[in-house]
Amino acid sequence: QKPRIVELAGNKVADIVYGYCFEAPFAVSERFVELYRASDLKGIKSFSPLDEVRFRRKTMKDAPKPTLYTVELERSCITVDHANSLIVYGFRKCGEYCPLCNPFPKTRNFYKRICMKMEGFENYDIFWTHEQGWTTFMTSRFIDFCKKNRLLRNVLISPLSALISP
């Protein structure tokens, strides 16, 4: 297995680092891990430390290297309510497809409105769904936790309600 290395462009390390080079679309700081473990939030199954953290800037080459962790999230069984959602689909991708992950064998170009069927929701505070792949869903409770602990620097959060038309 290749070593998991991240190179940071800035001179400050955020508590949540976004990037698709991990098993998950983001990594988190040691501070985030400690705060999360002390909370009663649900949804993160495990934290796995990256092998190495580097700084791109020459002025930071000798700076102390932080420990960053990838996360493995729970995958919720909730699904998209396609009757009430408005999703613009593209063309079908070649090859096999999974009807659980993608009930319409097409690309999802963008969302005008997304509604979820909440039956069987496991009350996770942060999670993935089968159908939405790596899209990370967070409850308002999780966002409040992040805001209270000032964990959201450099992170753009879009409320699901912003994608729901009345």
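The structure displayed is predicted, hence computed values, not measured ones.

Caption draft 1: Quick peek at the sheet that holds strand β13 (residues 137-138). Here we have three strands laid out as an open sheet, ordered β7-β12-β13, and mixed in their pairing. The open sheet has two edge strands, β7 (75-76) and β13, and neither has a second partner. As paired strands, β7 and strand β12 (residues 126-129) are joined by two bridges and run parallel to one another. Considered in β12, the bridge of R75 is made with W128.

Caption draft 2: The side chain of D81, seen in detail. Inspection of the secondary structure assignment puts D81 in the loop between β8 (79-80) and β9 (86-89). No salt bridge is formed by the buried D81; its nearest oppositely charged neighbour, K117, is found at 5.2 Å. When neighbours within four sequence positions are excluded, D81 is seen to be in contact with C115, M116 and K117.

Caption draft 3: Local environment of the packing of aromatic side chains. Taken as a whole and assessed by the stated rule, the structure comprises eight aromatic pairs. With a centroid separation of 6.4 Å and an interplanar angle of 70°, the aromatic rings of F32 and F47 are classed as edge-to-face. Here F32 is found in helix α1 (residues 30-38), whereas its partner F47 is found in strand β4 (residues 44-49), with 15 residues between them in sequence. The exposure class assigned to F47 is buried, which follows from its relative accessible area of 13%. Taken together, the ring pairs connect F32, Y36, F47, F142 and F145 into an aromatic cluster.

Caption draft 4: Structural detail: the nonpolar core. Counting 20 residues, the largest nonpolar core has V28, F32, Y36, I44, F47, F142 and F145 as the members making the most contacts within it. Within the residue set of this core, elements represented by two or more residues are β3 (26-29), α1, β4, β6 (68-73), β12 and α2 (140-148). Take this core: its biggest share by element is four residues, from α2. When sequence neighbours within four positions are dropped, the list of residues in contact with F142 reads F32, Y36, L41, D125 and I126. Counting residues in each nonpolar core, the second largest holds ten residues, with V17, L50, V53 and A63 among its members.

Caption draft 5: Quick peek at the sheet that holds strand β2 (residues 16-18). Strand order in the open sheet formed by four strands is β2-β3-β6-β4, and the pairing between neighbours is antiparallel. Taken across any chain shown, the strands that pair with only one partner, and hence form the sheet edges, are β2 and β4. Neighbour to neighbour, the strand axes of the sheet diverge by 35° on average, direction disregarded. Taken strand by strand, α1 contacts β2, β3, β4 and β6, and its axis lies near 80° from that of β3.

Caption draft 6: Region of interest: the confidence of the model for the protein chain. When pLDDT is averaged along the protein chain, the result is 81, and 83% of the positions lie at 70 or above. Across the protein chain, element-level confidence peaks in α1 with a mean pLDDT of 97 and bottoms out in strand β10 (residues 108-113) with 77.

Caption draft 7: Representation of the pairing of strand β1 (residues 5-8) within the structure. Burial along β1 is one-sided: V6 and L8 are buried, and none of I5 and E7, which face the opposite way, are. Pairing of β1 with strand β5 (residues 52-55) involves four bridges; the strand directions are parallel. Bridge pairing in β5 links E7 to R54.

Cut-offs applied
- Residues numbered from 1 in each chain as written.
- Predicted model: local features only at pLDDT ≥ 70, side-chain atom pairs only at ≥ 80, totals over all residues.
- Heavy atoms only, no water.
- Pairing = 2+ DSSP bridges.
- Helix = DSSP H or I, 4+ residues; strand = E, 2+ residues; numbered from the N terminus.
- Buried < 20%, exposed > 50% of the residue type's maximum accessible area, 1.4 Å probe, protein only.
- Lys, Arg positive; Asp, Glu negative; His and termini not counted.
- Salt bridge = Lys/Arg side-chain N within 4 Å of Asp/Glu carboxyl O.
- Contact = heavy atoms within 4.5 Å.
- Phe/Tyr/Trp six-rings, centres within 6.5 Å; stacked < 30°, edge-to-face > 60°.
- Core = buried A, V, L, I, M, F, W, Y, C linked by side-chain atoms within 4.5 Å.
- Axes fitted to C-alpha atoms, helices over the stretch in contact; angles between N-to-C directions.
- pLDDT = per-residue confidence, 0-100.

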